[in-house]
Amino acid sequence: MGGDDCRHLKKVLRASVGTRVGFSDNAGCRYLARVAAIRDKHMVLSVTSRYPVEKEIPRVLLFQCILKKNAMELLIQKACEIGAEAIVPVYSRRVVAGKGKLKTARWQKIARQACMQSKRNFLTEIRDPVDISGIKPGQFDFFLLPYEQEGSWLKFNIGPEIKKLACLIGPEGGFEEQEVDMLKKQGARVLNFGKNILRAETAALYMLSVIDYLAKNETE
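Parameters at a glance
Residues numbered from 1 in each chain as written. Predicted model: local features only at pLDDT ≥ 70, side-chain atom pairs only at ≥ 80, totals over all residues. Heavy atoms only, no water. Helix = DSSP H or I, 4+ residues; strand = E, 2+ residues; numbered from the N terminus. Contact = heavy atoms within 4.5 Å. Buried < 20%, exposed > 50% of the residue type's maximum accessible area, 1.4 Å probe, protein only. Expected span 1.5 Å × (residues − 1). Pairing = 2+ DSSP bridges. Right-handed = clockwise from strand over helix to strand, strands pointing away.

**Student:** How do you make sense of the side chain of Q64 when you look at a structure like this?
**Tutor:** Within the secondary structure, Q64 is located in strand β4 (residues 59-65). Non-local contacts of Q64, meaning those with residues more than four positions away in its chain, are made with M72, L75, I87, V88, P89, V90, I169, G170 and A204.

**Student:** For this particular structure, what's the right way to read unusual backbone geometry?
**Tutor:** The general pattern is negative phi for most residues beyond glycine and trans for most peptide bonds. The peptide bond linking I57 to P58 adopts the cis configuration, its omega dihedral lying at 0°. Along the chain, the position of P58 falls in the loop between β3 (43-52) and β4. Phi angles above zero are rare outside glycine, and N26 is one such case at about 60°. Structurally, the position occupied by N26 is in the loop between β1 (20-24) and β2 (29-38). Residue classification places N26 among the partly exposed positions, given a relative accessible area of 37%.

**Student:** Explanation requested: helix α2 (residues 69-82) in the structure shown.
**Tutor:** An α-helix turns once every 3.6 residues. As a result, residues three or four positions apart point the same way. Between its terminal C-alpha atoms α2 stretches 20 Å, which fits the 20 Å expected from 14 residues at 1.5 Å a residue. If you check which residues of α2 are buried, you get A71, M72, E73, L75, I76, A79 and C80.

**Student:** Explain the pairing of strand β5 (residues 86-91) here, please?
**Tutor:** If a strand is regular, its side chains alternate between the two faces of the sheet. The element β5 is largely enclosed, with a buried count of five among its six residues. Taken together, the five bridges between β4 and β5 define a ladder with parallel strand orientation. Within β5, the position partnered with Q64 by the bridge is P89. A crossover links β4 with its parallel partner β5, the connecting element being α2, and its sense is right-handed. Two strands pair when backbone bridges link them, and β5 and strand β6 (residues 125-126) are joined in this way by two bridges, in the parallel orientation. In the sheet register, A86 faces β6, and the bridge partner there is E125. Sheet topology places β5 next to strand β7 (residues 130-131); two bridges connect them, and they run parallel. Note that in β7 the partner of Y91 across the bridge is D131.

Scope: geometric values only; no functional claims are made or implied.
Structure follows, in structure tokens:
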């Protein structure tokens with residue numbers, strides 16, 4: 001094992017010879033192992049067991065209108081920890097960040113580190129950015145659109161029939177009314193968080209936390 005994985009074990013987990021570690025191959029299996037040897041740029045692991053893992057249902061995709069650097073990076077990190085399967089950067093009319101070259105490679109690295117830190121079985125994928133007009137809510141079993149100007153308060157259920165779920169969070173400047181109308185006509189469910197207006201990154205993490213709670217509560 002080398003590269004970022006090795007650095008994570010050495011610098012973050014402080015692994016030494018004999019340390020027990022767990023890791024995933026991001027393809028459906030998780031492994032338990034012991035550190036057998038440590039070299040300058042890699043480690044030798046001795047696998048002791050392997051067992052299958054499956055992706056969680058519903059599979060949650062976050063469409064996130066591009067935020068300024070620090071807010072976007074924090075959001076990606078925390079969204080990975082909560083359990084988003086994929087994050088899609090979105091250009092909407094009021095996006096003020098990301099007009100130049102997007103650092104999607106950096107975002108994917110942040111996502112990888114966050115997934116490793118939180119021991120996720122599958123890495124969160126940072127997908128190529130899309131324009132808001134290209135989002136198709138009808139492709140999902142449930143599509144949530146938080147919008148402070150209208151919609152009912154945050155109240156919904158996630159039944160076993162919902163396998164693919166997505167939500168779209170706006171930029172710092174919010175959505176334009178025409179964008180919301182366009183998505184509503186395609187099946188997006190508009191809701192709001194009550195009287196408090198949340199920052200974009202806060203809204204995303206709040207939404208993902210509610211989805212995670214309701215999904216896990218449904219399976220218990």
